[in-house]
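Here is what each chain is made of, one letter per residue.
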Amino acid sequence: MAPKRKATSPVRPSPSKKTKPESNGEPKFDHSRITEKSGIVQRQFYPPEMSNERCQQYNNNEIPRPIEVLEKTIKGTKVDREKIQVGESVVHWYKRDLRTFDNRGLRLASEKAKSKNVPLICMFIVSPQDYEAHFTSPARVDFDLRTLEVLKSDLQEKNIPLYVATIDKRKDVPGHILEVCEKWGAKHIFCNIEYEVDELRRETKLMKQCLEKGIDFHPVHDDVVVPPGNLASGAGKQYSVYSPWLKAWIKHLHEHPNMLDAAEPPHDNPDNAKTKYKDIFEKSIPTAPPSKAIKDAEYKQRLSSIWPAGEHEAQTRLERFTKEKIKNYASSRNLPAANSTSLISVHLSAGTLAARTAVRAARDTNSSRKLDAGSAGHGTWISEIAWRDFYKHVLANWPYICMFKPFKYEYSDIEWEYNDEHFQRWCDGKTGFPIVDAAMRQCLYMGYIHNRCRMIVASFLAKDLLLDWRLGEKHFMEHLIDGDFASNNGGWGFSASTGVDPQPYFRIFNPLLQSEKFDKDGEYIRKWVPELAGIEGNAIHDPYGRGKGKEAEKAGYPKPIVDHKTARARALERYKGGLGRSTANVGGGVHN
Ligand SMILES: Cc1cc2nc3c(=O)[nH]c(=O)nc-3n(C[C@H](O)[C@H](O)[C@H](O)COP(=O)(O)OP(=O)(O)OC[C@H]3O[C@@H](n4cnc5c(N)ncnc54)[C@H](O)[C@@H]3O)c2cc1C
């Protein structure tokens, strides 16, 4: 077992205060050593973990948020950009919006091209370093590349070429975009906005670089149903609590029903596009970069069959769900064995489906046009899609969550365990807690975990094992096919009590009670933990306690790695202690 590394006071000092002692005379602990060593902060791409003081500056509006900088640049350059005449072609840069239907940026690009009867060219950049910096899972890269095949063929039917290039260094991506657009004589580039910090900053820079070259770079809101910044609390600030935010979200959509209207697919290109861009049409979709390639052929095959790619599959899943399952969603969504959820998260995450399309489909199959009326199933499902929007709004307003800091940054002071063996056992699904192990094995097998079980395993990691929740957040991104920074960070923050609108820290899931309540008959456990398949009755939830352990031991199932009661007491003490040490205010934003 690796030696434990304990963070005694993990606030990273700002450079000027590096050696300033704490009041008890001990030097401040350099937290960045641990976050770097455990791979939480990747120094290849990022500076050390941000200080609490700097987070506070964001909250005091002393540093502009990247979304504000981008929006200011969009506004400030509008007049000059509007003067730019359409060139020989118009470009849509695909990112996490891999579809032709209901895609705002794509439709605007298509209309611009149609206005002067010039061709639309679509583009996607495979950026291995972006995948590495964002911990994108090989499963997801594989899904995106399979989707690009579908997209290429759909666009081809409309005579629209899809240019796909692998650019090894992320810093070279903007330069490459400029280079090819100049080659194609394009004066307009459209794209949909991503709300992560790296992307917002890149787009701001690119907008200025484009303008210097006489090109109008045009990012638009599309990924969320309601763009961030549209919903302010009574105090005029971003909500940090979901329920009042949801009310405001629903009200906004009722007042602006056109926000749910679909964007039409792109127009067909003129006939000559086929010959003019023959080289692009003939180029094949690249393979995954070596750092993200799936080496296990069986796993790759399995992912293709569980998660068929592309927007047609997304539409089929959505239709099937809204026809057959949504009615019972409210009562069954928490039961992992019930197969009662939509399984569309990968499509929303990769953009093969717009969140808007999903909400519209639910509204149009409900007995009421109101998003919070009609069947409970419809309303509940819409409110789950809304969680996705909520977390993106949070990301835009509190950008430091993207910089390895918890929303409640004062929780950086919790003294986590860094126990490598425990972390590995959690990753492998060998903790001796059947419901936890079932979920972690589901993750490894299919790149997906049911939502209830995501909460159970996240709580288990942060509270029972008292491991730094960011290790779990990273593991999820590296393995989930639906990995999405905002939702993943939000889910982890909720479970570890360090995030926006979280579980209070003293609410600690008891894995046994969760198991009994949500997997009553042990069906989910038996499916994913075959060693326990033969265990009958409610011993399935606790084979070494109730089941006396003989059978489990014979089958090679491990004993529990911690005692829940003891672990709970330790977690309570450490959370309290962490908060006691903190000098920052509790909460980063407005708590409504
Ligand atoms: C620790 C943790 C990590 C998570 N990581 C991710 C992630 O990386 N990517 C991701 O898409 N979701 C994440 N979620 C949210 C949720 O677990 C998944 O979206 C859901 O399980 C996907 O299954 P589904 O498509 O069948 O969902 P359904 O129950 O059918 O819900 C429909 C859609 O609503 C959205 N949604 C549902 N629940 C949530 C939620 N709690 N937060 C945000 N959006 C939600 C998703 O887009 C989902 O596809 C995480 C949750 C937790 C607790």
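Residues numbered from 1 in each chain as written. Predicted model: local features only at pLDDT ≥ 70, side-chain atom pairs only at ≥ 80, totals over all residues.

- As annotated in an unreviewed UniProt entry, the protein carries the name Photolyase/cryptochrome alpha/beta domain-containing protein and is attributed to Zasmidium cellare.
- The record in UniProt for the protein states the following under Sequence similarities (unreviewed entry): "Belongs to the DNA photolyase class-1 family."
- Annotation of the protein in UniProt includes, under Cofactor (unreviewed entry), the sentence "FAD". (UniProt positions renumbered as here; feature names shortened; annotations may be inferred.)

Digging into the overall build of the protein
Part 1 of the argument: Per the secondary structure count, the protein includes 27 helices and five strands.
Part 2 of the argument: Its C-alpha radius of gyration of 25 Å places the protein within 12% of the 25 Å reference for a compact globule of 592 residues.
Part 3 of the argument: Taken over the C-alpha atoms alone, the protein extends approximately 75 × 60 × 50 Å along its principal axes.
Part 4 of the argument: The 592 residues of the protein split such that 48% are buried.
Part 5 of the argument: For the protein, restricting intrachain contacts to residue pairs at least 6 apart in sequence, the fraction spanning at least 24 positions comes to 76%. (Helix = DSSP H or I, 4+ residues; strand = E, 2+ residues; numbered from the N terminus. Rg over C-alpha atoms; globule rule 2.2 N^0.38 Å. Buried ≥ 20, exposed ≤ 12 C-beta atoms within 10 Å, placed from the backbone. Contact = placed C-beta atoms within 7 Å.)

Topic: unusual backbone geometry
Part 1 of the argument: We note that Asn-117 has phi near 50°; this positive angle belongs to a residue other than glycine.
Part 2 of the argument: For Asn-117, the position within the fold is in the loop between helix H5 (104-115) and strand E2 (120-126).
Part 3 of the argument: For Asn-117, a count of 10 C-beta atoms within 10 Å puts it in the exposed group.
Part 4 of the argument: A positive phi is found at Asn-339, a non-glycine position, where the angle reads about 50°.
Part 5 of the argument: Take Asn-339: it is sitting in the loop between helix H15 (329-332) and helix H16 (345-350).
Part 6 of the argument: Taking the C-beta count within 10 Å as the criterion, Asn-339 has 10 such neighbours and is therefore assigned exposed.

A few points about the nonpolar core
Part 1 of the argument: Counting 146 residues, the largest nonpolar core has Val-91, Ile-189, Ala-358 and Ala-439 as its most contacted members.
Part 2 of the argument: Examining the composition of this core, we find that nine residues originate from one element, helix H18 (residues 376-397), more than from any other.
Part 3 of the argument: Structurally, this core is a two-domain feature, drawing no fewer than three residues from each of domain 1 (15-60 + 402-581) and domain 2 (67-225).
Part 4 of the argument: Residues contacting Ile-189, with those up to four places away along its chain left out, are Val-91, Trp-93, Cys-181, Cys-210, Ile-215, Phe-217 and His-218. (Core = buried A, V, L, I, M, F, W, Y, C linked by C-beta atoms within 7 Å. Domains from an automatic or database assignment.)

Notes on the domain arrangement of the protein
Part 1 of the argument: Segmentation of the protein into domains returns domain 1 (15-60 + 402-581) and domain 2 (67-225).
Part 2 of the argument: Computed from C-alpha atoms alone, the centre-to-centre distance between domain 1 and domain 2 is 36 Å.
Part 3 of the argument: Listed as interface residues are 14 residues of domain 1 and, on the opposing side, eleven residues of domain 2.
Part 4 of the argument: Only helix H22 (469-479) and helix H23 (485-496) provide two or more residues apiece to the side of domain 1 that touches domain 2.

Looking at the confidence of the model for the protein
A low pLDDT means the predicted coordinates there should not be read in detail.
Part 1 of the argument: Across the protein, the average pLDDT comes to 91, with 92% of residues at 70 or higher.
Part 2 of the argument: Confidence over residues 1-29 falls short of pLDDT 50; this stretch has 47 contacts with residues more than four positions distant or in other chains.
Part 3 of the argument: Note that residues 583-592 has pLDDT below 50 and, in this model, 31 contacts with residues that lie over four places away or in other chains.
Part 4 of the argument: Model confidence for the complex is summarised by a pTM of 0.93, with the ipTM given as 1.00. (pLDDT = per-residue confidence, 0-100.)

Considering the pairing of strand E5 (residues 216-220)
Part 1 of the argument: In terms of residue burial, E5 counts as a mostly covered element, since four of its five residues are buried.
Part 2 of the argument: With five bridges connecting them, strand E4 (residues 186-192) and E5 associate as parallel partners. In the sheet register, His-188 faces E5, and the bridge partner there is Asp-216.
Part 3 of the argument: Handedness of the crossover is the feature at issue here: the chain leaves E4, passes through helix H9 (residues 197-212), returns alongside E5, and the resulting connection is right-handed. (Pairing = 2+ DSSP bridges. Right-handed = clockwise from strand over helix to strand, strands pointing away.)

Some details on helix H20 (residues 434-446)
An α-helical turn contains 3.6 residues, so any two residues separated by three or four positions project in the same direction.
Part 1 of the argument: For H20, spanning 13 residues, the distance from its first C-alpha to its last is 18 Å, which sits close to the expected 18 Å at 1.5 Å a residue.
Part 2 of the argument: Turning to H20, its buried residues number three or more, namely Pro-434, Ile-435, Val-436, Asp-437, Ala-438, Ala-439, Met-440, Gln-442 and Cys-443.
Part 3 of the argument: Here the buried face of H20 lies against helix H19 (420-428), helix H21 (451-464), H22, helix H24 (511-518) and helix H25 (523-528).
Part 4 of the argument: At the C-terminal side of H20, Gly-447 shows a positive phi close to 65°. (Expected span 1.5 Å × (residues − 1).)

Regarding the site of the ligand
Part 1 of the argument: For the ligand, the set of nearby residues contains 28 residues, the closest of which are Thr-341, Ser-342, Ser-345, Asn-488 and Gly-491.
Part 2 of the argument: If you list the elements that add at least two residues to the shell around the ligand, you get H16, H18, H21 and H23.
Part 3 of the argument: Looking at which element gives the most residues to the shell around the ligand, the answer is H23, with six residues.
Part 4 of the argument: Here the shell around the ligand is built from residues that sort into eleven nonpolar, eleven polar and six charged. (Near = placed C-beta within 6 Å. Nonpolar A, V, L, I, M, F, W, Y, C, P; charged D, E, K, R; others polar.)

Notes on the pairing of strand E1 (residues 89-94)
Part 1 of the argument: Burial within E1 is extensive, with six of its six residues counted as buried.
Part 2 of the argument: Note: E1 against E2, five bridges, orientation parallel. Paired with Val-90 across the two strands is Leu-120, which belongs to E2.

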